[in-house]
Amino acid sequence: MQVTFLGTGTSAGVPVLTCRCEVCNSLDFRDKRLRVSVWIEVNGKSFVIDTGPDFRQQALRERIAQLDAIIYTHEHKDHTAGLDDVRPYNYLNGIRHLNLYGHPRVLNQLKKEFAYAFEDIKYPGVPLLNLQEIAFDGAKPIYIEGVEFTPIQVLHHRLPVLGFRVGGFTYITDVNFISEKEMEKIYGTEVLVLGALQHEPHISHFNLSQAVEVAQKINAPLTYFTHISHKMGLHTEVDKTLPDNIRLAYDGLKIRLPNP
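Predicted model, so just to flag it, every value in this text is computed and none were measured. (Residues numbered from 1 in each chain as written. Predicted model: local features only at pLDDT ≥ 70, side-chain atom pairs only at ≥ 80, totals over all residues. Heavy atoms only, no water.)

Attention now goes to helix 4 (residues 104-113). When helix 4 is considered as a whole, its buried residues turn out to be Val106, Leu107 and Leu110. Down the axis, helix 4 shows its buried residues gathered within 95° of arc, on one side only. At its buried positions, helix 4 is contacted by helix 2 (77-80), strand 5 (98-102) and strand 6 (129-133). (Buried < 20%, exposed > 50% of the residue type's maximum accessible area, 1.4 Å probe, protein only. Helix = DSSP H or I, 4+ residues; strand = E, 2+ residues; numbered from the N terminus. Arc of directions from axis to C-beta. Contact = heavy atoms within 4.5 Å.)

Rendered as structure tokens:
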């Protein structure tokens with residue numbers, strides 16, 4: 001299994017428009033962060049978690065030649081806005097609908113924002129999409145193209161959002177609270193990805209110290225932080241302050257794990 005970080009930034013990305021801070025002016029490629037998303041290749045299948053506004057650019061950069069399904073964490077624009085750009089995958093090997101997986105609330109929002117793709121009589125060339133509900137029941141895994149995904153429900157302020165575990169890999173992005181019940185699903189993971197926004201407290205995201213505390217409680221052999229703001233500071237400087245088994249992720253980072 002290979003996981004590629006398509007984007008590791010916040011809703012504004014890094015650099016931020018109009019900002020002239022040292023991070024936004026940095027020449028280090030690790031300080032250039034597109035909107036948050038990951039690409040998972042496993043058992044010959046290809047999955048993307050979230051399609052933010054930068055999805056087209058990310059897919060071109062990583063040369064994503066196959067896409068079997070998209071899984072959504074939640075409905076915020078920085079996680080969904082690039083959905084229209086999946087159209088080429090509909091016609092890669094003939095005409096094929098693409099399956100989208102998400103909580104019913106998220107799928108309903110997609111139907112509103114991309115209403116033209118769900119009309120009974122479709123305009124030629126719109127995305128061809130099938131909606132697949134993740135009916136979260138607290139414990140039951142789901143199977144997507146034969147691959148087991150375990151949904152993990154966390155809070156993003158008061159909004160329930162989903163993280164996912166695939167084998168030894170766990171991905172949780174926009175989060176400020178994880179219950180002990182959901183934490184049980186994460187223990188034993190080999191690689192944990194966790195949102196860590198900035199140093200200062202935030203109403204809907206873990207800050208750096210909170211994310212470190214949660215990561216140390218889970219105690220995965222390796223943890224990467226994502227959904228990183230320009231307020232976090234320079235990648236090289238922050239990375240040096242972290243425990244040995246915790247690192248900042250960066251766009252284009254690839255990690256390999258055993259197949260689940």
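Attention shifts here to the sheet that holds strand 2 (residues 37-42). If you trace the 7 strands from one edge of the open sheet to the other, you get 6-5-4-3-2-1-14, paired in mixed fashion. Of all the strands in the sheet, the pair left with one neighbour each is strand 6 and strand 14 (254-256). Put simply, the sheet's adjacent strands are angled 20° from each other on average, direction ignored. Pairing between strand 1 (residues 2-7) and strand 2: 5 bridges, direction antiparallel. Paired with Val3 across the bridge in strand 2 is Ile40. Sitting on the sheet, helix 1 (residues 55-62) is in contact with strand 1, strand 2, strand 3 (45-49) and strand 14, with an inclination near 135° to strand 1. (Pairing = 2+ DSSP bridges. Axes fitted to C-alpha atoms, helices over the stretch in contact; angles between N-to-C directions.)

Right, let's get into the pattern of salt bridges. Evaluation of the coordinates by the stated rule reveals 11 salt bridges. The residue Asp28 makes a salt bridge to Arg30 at a minimum N-O spacing of 3.0 Å. Judged by its relative accessible area of 18%, Asp28 is buried. Arg87 is paired through a salt bridge with Asp84; the nearest N and O atoms lie 3.1 Å apart. Members of the salt-bridge network, linked through shared partners, are Arg61, Glu62 and Lys254. (Salt bridge = Lys/Arg side-chain N within 4 Å of Asp/Glu carboxyl O.)

Note that Thr10 resides in the loop between strand 1 and strand 2. Overall, the relative accessible area of 9% leaves Thr10 in the buried class. Discounting chain neighbours no more than four positions away, the residues touching Thr10 are Arg35, Asp78, Leu197, His227, Ile228 and Ser229.

On to the nonpolar core. Within the largest apolar cluster, 29 residues are counted, with the highest numbers of intra-cluster contacts made by Ile71, Phe149, Phe169 and Ile255. Among all residues touching Ile71, those that are not within four sequence positions of it are Phe47, Val48, Ile49, Asp50, Tyr101, Ile134, Ile144, Phe149 and Phe164. Ranked by size, the runner-up nonpolar core spans 27 residues in total, among them Ala211, Val212, Ile228 and Leu248. (Core = buried A, V, L, I, M, F, W, Y, C linked by side-chain atoms within 4.5 Å.)

Ordered in space as 7-8-9-10-11-12-13, the 7 strands form an open sheet in which the pairing is mixed. The sheet is open, and its two edges are formed by strand 7 (142-144) and strand 13 (246-248), each paired on a single side. This sheet shows a mean twist of 25° between the axes of neighbouring strands, independent of strand direction. Summarising the sheet, strand 7 and strand 8 (residues 147-156) pair through 3 bridges and their orientation is antiparallel. Across the sheet, residue Tyr143 finds its bridge partner in strand 8, namely Glu148.

So, about unusual backbone geometry. Each neighbour pair has its own omega, and for Val14 with Pro15 the value is 5°, a cis peptide bond. Along the chain, the position of Pro15 falls in the loop between strand 1 and strand 2. Located in the positive-phi region is Arg63, a residue other than glycine, with phi close to 55°. Structurally, Arg63 is set in the loop between helix 1 and strand 4 (69-71). Phi is positive for Glu145, close to 55°, though the residue is something other than glycine. Its place among the elements puts Glu145 in the loop between strand 7 and strand 8.

Now for the packing of aromatic side chains. Taken as a whole and judged by the stated rule, the model has 6 aromatic pairs. The interplanar angle of 90° and the centroid separation of 5.7 Å between the aromatic rings of Phe29 and Tyr250 together place this pair among those described as edge-to-face. Note that Phe29 is positioned in the loop between strand 1 and strand 2 and Tyr250 in the loop between strand 13 and strand 14, a separation of 221 residues in sequence. Seen in terms of ring centroids, Phe47 and Phe149 are 5.2 Å apart; in terms of plane orientation they differ by 85°. Their pairing is edge-to-face. Taken as a pair, Phe47 in strand 3 and Phe149 in strand 8 lie far apart in primary sequence, 102 residues in all. According to the relative accessible area criterion, Phe47 is buried, its value standing at 0%. (Phe/Tyr/Trp six-rings, centres within 6.5 Å; stacked < 30°, edge-to-face > 60°.)

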